[in-house]
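Chain and residue survey
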Amino acid sequence: MRIGIRAHDMEKAPLNELFRNIHNKGFSCTQLALGKAVHEFKATNAVMTPGLAMYIKELCIENKVDIAVLGCYLNLCNPDEEQLKTIVEKYKAHIRFASVLGVGVVGTETGAVNTAYKYEPANHSEEALEIFIKNLRPIVEYAEKMGVIFAIEPVWKHVVYNLERARKVLDAINSPNLQIIFDPVNVLHVGNIDKQDDIIRQAFDLLRDDIAVIHAKDYRVEGDELVSIPAGQGGFNYPLLLSLMKEHKPYVHVSLENTSPDNAIATREYLEKLYAEV
C-alpha cells in the first residue's frame, strides 16, 4: 500500500516545506484540503490557477509524494439554492485544478439535507438520495470532461450512509469517473459495530472495483457515539481490512486520519507492520 497522511494533520508549515515534511515522516501520499493545509493564502476559486497547480505538482515530484485525494468536502444536498450554486462552482474549480495538478481523486462526502451539514433522520430517506444523485450527476459529467476521477465517501450520518446506498449511486450515475473513498469506520455506528467484519467484507463484495482510496482510522465508543482515533488504538479489525486490501488492492492509496504530528509515524509503522504480517 502507498500510505499517506492528511496534509492538515501535519505540523503547520509553508507550502514549500509541507511536502518535504510529509516525505520525511515516511509517507508516500497525502490528502490535500487546500483550505485547511495551506496558510499563506485563502483557497478561493480564483487562487486555483494552473500556475499554482504546476508549482504544487513540482513540489510533490521533488519529494516523492502523491496527492491521493484533493479534498472538497462540501454539501451537495444543501437546500439553499444560492449556497448550492456556490458549492457547485467550488467543486468545478477543484476538478479543473486537479486536471492540471494530477491527483488520484477529487474527494467528497455525501451531504445532508440541511444548510448546517448535520445529521438528521431525513438524510437517510430515499428523497435525500434522489437529491444527491441529481446534484452529483453534473459534477461527475464535468469531471469526465476534465479527465478527473471524482470519489464519494460514504458516512453513516450523511446521505450515502451505507454500502448499499453507495452501490445505488454508482449504478445510477454509471460513470468510470465516479469512484469510492472507503473509510470503514465512517459507516460504523453503535448499532452495527458488532457486524463490522461483515461490513468490511461486504465493501469488497459490493464496491471492490470502484474503491480508489482507503482511509485509515479507528474508533472508541463513548455513550451512543463512535469517536474517531488513530488506527490501532481502538476496536477496528485492521487484520481483516489489510488482508483484503493485500489481496484486491495492491499499492492502493491509504490515508491516515485523526492523527497528530506526535503519533503519525507510530500509526504508519503499526499499519505497515501489520500489513506485512497478514
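Now for a quick tour of the structure. Everything numeric in this text was worked out from a predicted model, so none of it was measured. (Residues numbered from 1 in each chain as written. Predicted model: local features only at pLDDT ≥ 70, side-chain atom pairs only at ≥ 80, totals over all residues. Heavy atoms only, no water.)

Describing the pattern of salt bridges
With the rule as written, the count across this model stands at 16 salt bridges. In this structure, D194 engages K195 in a salt bridge whose closest nitrogen and oxygen atoms are separated by 3.8 Å. D194 sits in the exposed class, given a relative accessible area of 62%. Measuring nitrogen to oxygen at the nearest pair gives 2.7 Å for the salt bridge that ties K273 to E277. Here K273 pairs with E277, and both are found in helix α9 (residues 264-277), just 4 residues apart, close to one helical turn. Each member of the pair, K273 as well as E277, carries the same accessibility label: exposed. One salt-bridge network, in which partners are shared between bridges, spans R6, D9, D183, K217 and E257. (Salt bridge = Lys/Arg side-chain N within 4 Å of Asp/Glu carboxyl O. Buried < 20%, exposed > 50% of the residue type's maximum accessible area, 1.4 Å probe, protein only. Helix = DSSP H or I, 4+ residues; strand = E, 2+ residues; numbered from the N terminus.)

Considerations on helix α8 (residues 238-248)
Along α8, the residues classified as buried are Y238, L240, L241, L242, L244 and M245. For α8, the secondary structure elements touched by its buried residues are β6 (178-182), α7 (196-206), β7 (211-216), β8 (218-222), β10 (253-256) and α9. With a side-chain oxygen lying 3.2 Å from the backbone nitrogen of L240, the N-terminal cap of α8 falls on N237. (Contact = heavy atoms within 4.5 Å. Polar contact = N/O pair within 3.5 Å; in protein donor to acceptor, adjacent residues only side chain to side chain.)

Regarding helix α1 (residues 15-24)
Of the positions making up α1, those classed as buried are L15, L18, F19 and I22. End-on, the buried residues of α1 take up no more than an arc of 85°, which puts them together on one face. At its buried positions, α1 is contacted by β1 (2-6), β2 (29-32), α2 (34-37) and α3 (50-63). Positioned one or two residues after α1, G26 has a phi angle of 90°, which is positive. (Arc of directions from axis to C-beta.)

Topic: the packing of aromatic side chains
Within this structure, the stated rule accounts for 4 aromatic pairs. Residues Y91 and F150 carry aromatic rings whose centres are separated by 5.6 Å and whose planes lie at 75° to one another, so their mutual orientation is edge-to-face. With a gap of 59 residues between them, Y91 in helix α4 (residues 81-101) and F150 in strand β5 (residues 150-152) connect regions that are remote in the sequence. Both residues of the pair, Y91 and F150, belong to the buried class. When the ring centre of Y275 is taken as origin, the NZ or CZ atom of K246, which lies over that ring, is 5.2 Å away. Over the aromatic face of F27 sits the side chain of R268, whose NZ or CZ is 5.6 Å from the ring centroid. (Phe/Tyr/Trp six-rings, centres within 6.5 Å; stacked < 30°, edge-to-face > 60°. Lys NZ or Arg CZ within 6 Å of the ring centre and 35° of its normal.)

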